[in-house]
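Here's the letter readout for the chains.
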Amino acid sequence: MQQETDKTGYFGSFGGRYVPETLIHALEELEEAYERYKGDPEFVEELEGLSRDFVGRATPFMFAERLTRKWGGANVWFKREDLAHTGAHKINNALGQILLADRMGKSRIIAETGAGQHGVATATVAALYGKECVVYMGEEDTRRQAPNVLRMKLLGAEVRPVTSGSGTLKAALNEAIRDWVTNVEDTHYIIGTVAGPAPYPRIVRDLQAVIGRETEAQARERLGGDPDAVVACVGGGSNAIGIFHPFVGREGVRLVGVEAAGRGLETGEHGASLTGGAPGVLHGSLSYVLQTADGQIREAHSISAGLDYPSVGPEHAYLKDEGLVEYVSVTDEEALEAFLSCSRLEGIIPALESAHAISYAEGLAKELGPGMNMVVNMSGRGDKDIGVVAEHLGIDAREAEEASGDE
Amino acid sequence: MSSGRTEGQARAVSPAEGLRAAFAEGRTALIPYLTAGYPTLEGAYEVGEAYLEAGADVVEIGVPFSDPLADGPTIQNTTNRALENGADLGYCFEFASRFSGRAPVVLLVYYNNIFARGAEEFLSEAAGTGVSGLVIPDLPIDEAVAFREMAGEKGVAICPLVAPTTRDARLEKAAEAASGFVYCVSVAGVTGAREVLPQGAVELLRRVRQKFSVPAALGFGISTPEAAVEAAEAGAQGVIVGSKLMQIVADGGPEAAGAWLRELRAALDRGAGTEG
């Protein structure tokens, strides 16, 4: 069964448009523009051309031979979104939305960012299309992801650190929405994930579904059919929705979304909204939310800035309740271990976000057993994370170098 | 619950009607906002008392929310502090009940606080504590259909927000949905003090007055008596003042806020307050 949103923007009982009245007109305008252009040959040609020449699609589908051998279970395949321009899947969405913004006559672009990958992707496409660009980023994240702040500035974007709350992704989203309410006439908000008010979850999903379509075709060519399982990390959930989309409801394909268990679900310090949250309204849609009994939103925690978010896209909430996708979680420590094994065994430094998926994949590979095929979405590369990782391992960069020399 | 006031049998009818009646006298209604639990759990009561003494016609009570995305920095600071002070929903209802017998009370509440409590239960508690109406900044009319019906059954009025960006067709829908007053957002933006009445506000009020049978109140950024008089001249039947008052409370305490409100009342009475 394939899920589709109806006109009001719901996935089952999740989704909707819970925003200040000022933004309603802009959302309607966006919806109209999207309906008008998504099938327009000129739009499609421009998007596909840039996806190929600028982003470097299709991204490779790679057999992870040494991990497969080490784990001794199913064959492990990586969908290499880390090789997309700017280093993560985020560019797929940013590119599609800048095309829309351009056609809507918007001269100013805003975005929120957690890990900085979406901010970099947005700054990149804004540069490509000559638009003014402002990126909101939690102050704590500007520290954790300093290299990405510099990249955004080099691309001509203004980065505004957000100090409210814990200074992470949730606060950045609040500020981006406040900016949009204030400057709605000339500004388009490129939201970075499948969250937010309708029609964003659907637009972002459609733009990220290119990952799934490519995976499907590549699996057919290399494996002679569908993979037996697809694993992806879930923060807001855009890389996961993207790769899951064509496989949802398909017999024989297990879909697994991996959330951030942070310091452990039992500690309350995590980012696992689906596993540890309850239905609620945040940032414009009804979905699973980490919250108190009174409905105050709790701060999330994850070693990975991109998963440090107390809600999740509403379509994931629907897929969970319908039992179409399994949602599990992985702790900071487990993700770190996977980060290291992937770096050393496959020569790929994964984003800490993607490392969550890799960590869960180990157990799943063993469970599935030899001869089966499992795809892991390598949603981004980990260059941005080396500082955080070094800090957690209690080593500075020089020691890290020496340690790796000892191997 | 019994009314502490003696003058009107009109007030005995229903909280929603009491709310509309607060506008009925041909003078601009004064609707000051306060954040429940700010500056302290006890201090907030003093702010409310100062508002009543200064002649508030309706008191708007903000239920603090962790992520108030329609609010600017001033009100964010008050809600953050209130949450740190422990202003939970139970406190907010208790707080509302202390004033609802003396003036109509509306709650400014973000939808997740309602959703988490359960809409039915939230409305029962609101009605039980004498709350007349609800302003829900992140619940646009399309999402509010079922909730509105429930609120109607409990006798709690819905005060929809409309903005300069709201097109005429939606204004008509909002007019149908409104059972309290219609909250006109003066400007595309978040709450916060502004020097002058924004251009779009005048045009919005004109459109609203044509379409709505319930009273029109203007809010977001009214921070001087002059702007309030201008709003009244443009057709506002009530003015909502929030950020400016919260700033005064922060700087000078409840008495200062009361004194400023009295000035505002006087300016409105001198000015265009007798329109209509």
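Summary of the structure given here. (Residues numbered from 1 in each chain as written. Chains lettered and ligands numbered in written order. Predicted model: local features only at pLDDT ≥ 70, side-chain atom pairs only at ≥ 80, totals over all residues. Heavy atoms only, no water.)

### Considerations on the interface of chain B and chain A
Alright, step 1. Facing 34 residues of chain B, the contacting portion of chain A comprises 33 residues.
Alright, step 2. Summing both partners gives a buried area of about 2700 Å² for chain B against chain A, and 50% of it is carried by carbon and sulfur.
Alright, step 3. On the chain B side of the interface with chain A, the three residues burying the most area are Asp67(B), Leu69(B) and Glu143(B), jointly 23% of the side's total.
Alright, step 4. The closest approach of N and O atoms between Asp67(B) and Lys170(A), which form a salt bridge, is 2.9 Å.
Alright, step 5. Those elements that provide at least two residues to the side of chain B that touches chain A are helix H3 (73–85), helix H5 (111–117) and strand E6 (161–162) of chain B.
Alright, step 6. Element by element, the count of residues in the side of chain B that touches chain A is highest for H5(B), at 6 residues.
Alright, step 7. In terms of residue class, the side of chain B that touches chain A is built from 19 nonpolar, 7 polar and 8 charged. (Contact = heavy atoms within 4.5 Å. Buried area = accessible area lost by both parts, 1.4 Å probe. Salt bridge = Lys/Arg side-chain N within 4 Å of Asp/Glu carboxyl O. Helix = DSSP H or I, 4+ residues; strand = E, 2+ residues; numbered from the N terminus. Nonpolar A, V, L, I, M, F, W, Y, C, P; charged D, E, K, R; others polar.)

### With respect to the packing of helix H2 (residues 41–55) of chain A against helix H4 (residues 90–103) of chain A
Residues and elements named next belong to chain A.
Alright, step 1. At a minimum axis separation of 11 Å, H2 and H4 run at an interaxial angle of 140°. Here H2 is positioned oblique relative to H4, judged by the angle of their axes. Our pair here, H2 against H4, has a crossing hand that is right-handed. Counted together, Glu-42, Phe-43, Glu-46, Leu-47, Leu-50, Ser-51 and Val-55 of H2 and Ile-91, Asn-92, Leu-95, Gly-96, Leu-99, Leu-100 and Arg-103 of H4 form the full contact between these two elements.
Alright, step 2. Within the contact of H2 with H4, the residues separate by chemical class into 8 nonpolar, 3 polar and 3 charged. (Axes fitted to C-alpha atoms, helices over the stretch in contact; angles between N-to-C directions. Parallel < 35°, antiparallel > 145°, perpendicular 65-115°, else oblique. Left-handed = near helix turned anticlockwise from the far one by under 90°.)

### A closer look at the sheet that holds strand E6 (residues 132–138) of chain A
Residues and elements named next belong to chain A.
Alright, step 1. Here 4 strands make up an open sheet; going across it, the order is E7-E6-E5-E8 and the pairing parallel. The sheet is open, and its two borders are formed by strand E7 (158–162) and strand E8 (187–189), each paired with just one other strand. Going from strand to strand, the sheet's axes swing by 25° on average, the running direction of each strand aside.
Alright, step 2. Looking at chain direction, strand E5 (residues 108–113) and E6 are connected through 6 bridges and run parallel. By the bridge assignment, Glu-112 is partnered in E6 with Tyr-136.
Alright, step 3. Contacts from helix H8 (residues 169–182) reach E5, E6, E7 and E8 within the one sheet, and its direction differs from that of E5 by about 160°. (Pairing = 2+ DSSP bridges.)

### A look at helix H10 (residues 225–233) of chain B
Alright, step 1. Among all positions in H10(B), only Pro225(B), Ala227(B), Ala228(B), Val229(B), Ala231(B) and Ala232(B) are buried.
Alright, step 2. Just beyond H10(B), the residue with positive phi is Gly235(B), at close to 115°. (Buried < 20%, exposed > 50% of the residue type's maximum accessible area, 1.4 Å probe, protein only.)

### Overview of helix H5 (residues 117–129) of chain A
Residues separated by three or four positions in an α-helix point in the same direction, a consequence of the helix having 3.6 residues per turn.
Residue and element names in this part refer to chain A.
Alright, step 1. For H5, spanning 13 residues, the distance from its first C-alpha to its last is 18 Å, which sits close to the expected 18 Å at 1.5 Å a residue.
Alright, step 2. Counted residue by residue, H5 has 11 buried out of 13 residues, so it is predominantly covered.
Alright, step 3. Listed as buried for H5 are Gln-117, His-118, Gly-119, Val-120, Ala-121, Thr-122, Ala-123, Thr-124, Val-125, Ala-126 and Tyr-129.
Alright, step 4. Contact partners of the buried residues in H5: H2, H4, E5, E6 and helix H7 (146–154).
Alright, step 5. In the segment just after H5, Gly-130 is the residue with positive phi, at about 65°. (Expected span 1.5 Å × (residues − 1).)

Coordinates in, geometry out; function isn't part of it.
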